Amino acid sequence: MRRLFLLLLVSLSSASCPDGQFQCSLSQNCVPMEAVCDFLPDCPDESDEEFCASCDFEEHTCGWTDSSKDEFKWRRKMANISAIPGLDHTTETPWGWVMHVEGDDPGIFSKAVLQHTLLQPTELGCTLSFWYHLHDAVNISSHLSLSLISKSSTVELWSIKKGQTHGWENASLLIGNHALGSKLVFSVDPVFIGQQDIMLDDIILKDCAEGDIPADSDRLSCDFEEDACSWFHDQSAEITWKRENGQRPSFGYQGPSHDHTTGS
């Protein structure tokens, strides 16, 4: 009887949140479900953002899932799975964790696919950064790419073809505003000759929450020579702007043959 009483006390003390609310992992705090994965931590332990793409892979995959068709696939592995670089980027030790593709015996149609579905929309200034490592023994050039899949289209956001990186290298790119349900997808094509090791670590989404104002957003005055300053595309528009040189692009073009800033 005493044991039953203690179990009842434990049950009452760990009562779940009301319907429509999320219970934080390490506390009794409850937050609205719409606050989960909104790129702003509402729980004291930040557990409402735990499975929302930003990830160091030390505990789990943070909502990233492998959707490969065969054994040429992504797996969460300790960094000592390969001698090069032998360390993960987060802890700089052999015992840190990464996402890893090892191409021992890929098939003709093999492709390693790692994806995450956005549970909230992103904002105009949303950026994605990550660290990657590429290595194949015969230096053929592994192909790693990042794409965004929406209801209407698939757009390649970034890609690299390289045989070997010098340790961990960083990529950071503006992904902009996208609707919930859009998918971020990392893909690796096999090289078929020799063994390849592909690693990802420390994926970070930044300035993606509603109301976020990215750094340098006061750079509205712009000649577009170096970049787009703080002008952002509205990815929901049917037609988007493209930063190009001033050369006349095609037959029938009626605009000037040079840019205004430099005259070239």
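Just above sits the structure.
Residues numbered from 1 in each chain as written. Predicted model: local features only at pLDDT ≥ 70, side-chain atom pairs only at ≥ 80, totals over all residues. Heavy atoms only, no water.

### Thoughts on the pattern of salt bridges
- Under the criterion given, the structure shown has five salt bridges.
- Put simply, Lys111 and Asp189 hold a salt bridge, and the shortest N to O gap is 2.5 Å. Taken together, the residues span a long stretch of sequence, with Lys111 in the loop between β5 (97-102) and β6 (112-117) and Asp189 in strand β11 (residues 183-189) at a distance of 78 residues.
- Accessibility expressed as a relative area gives 36% for Lys111, which makes it partly exposed.
- The shortest N-O distance in the salt bridge between Arg219 and Asp227 comes to 3.2 Å. (Salt bridge = Lys/Arg side-chain N within 4 Å of Asp/Glu carboxyl O. Helix = DSSP H or I, 4+ residues; strand = E, 2+ residues; numbered from the N terminus. Buried < 20%, exposed > 50% of the residue type's maximum accessible area, 1.4 Å probe, protein only.)

### Examining a nonpolar patch on the surface
- The grouping of Val138, Ile140, Phe192 and Ile193 at the surface amounts to a nonpolar patch, some 370 Å² of accessible area in total.
- Tracing the backbone through its elements, the reader meets Ile193 in the loop between β11 and β12 (196-206). (Patch = residues over 30% accessible without salt bridge, like charges linked within 9 Å, V, L, I, M, F, W, Y side chains within 5 Å. Areas by Shrake-Rupley, 256 points an atom, 1.4 Å probe, with all protein chains shown as cover.)

### Section: the packing of aromatic side chains
- The full count for this structure, using the stated rule, is five aromatic pairs.
- Seen in terms of ring centroids, Phe130 and Trp158 are 5.0 Å apart; in terms of plane orientation they differ by 85 degrees. Their pairing is edge-to-face. On the criterion of sequence distance, the pair formed by Phe130 in strand β7 (residues 127-136) and Trp158 in strand β9 (residues 154-162) is long-range, its members being 28 residues apart.
- The class of Trp158 is buried, set by a relative accessible area of 16%. (Phe/Tyr/Trp six-rings, centres within 6.5 Å; stacked < 30°, edge-to-face > 60°.)

### A closer look at the side chain of Gln196
- Along the chain, Gln196 falls in strand β12.
- Here the side chain of Gln196 touches Val191 through a polar contact of 3.1 Å, landing on its backbone nitrogen. (Polar contact = N/O pair within 3.5 Å; in protein donor to acceptor, adjacent residues only side chain to side chain.)

### Notes on the pairing of strand β10 (residues 169-174)
- Here β10 shows a buried face lined by Glu169, Ala171 and Leu173 and an unburied face lined by Asn170, Ser172 and Leu174.
- Relative to β10, β7 runs antiparallel, the two sharing six bridges. Along β10, the bridge assignment pairs Phe130 with Ala171. (Pairing = 2+ DSSP bridges.)

### Looking at the side chain of His178
- Within the secondary structure layout, His178 lies in the loop between β10 and β11.
- We classify His178 as buried; its relative accessible area is 15%.
- Residues within four places of His178 in sequence aside, it is in contact with Leu118, Pro121, Thr122, Leu148 and Gln235. (Contact = heavy atoms within 4.5 Å.)

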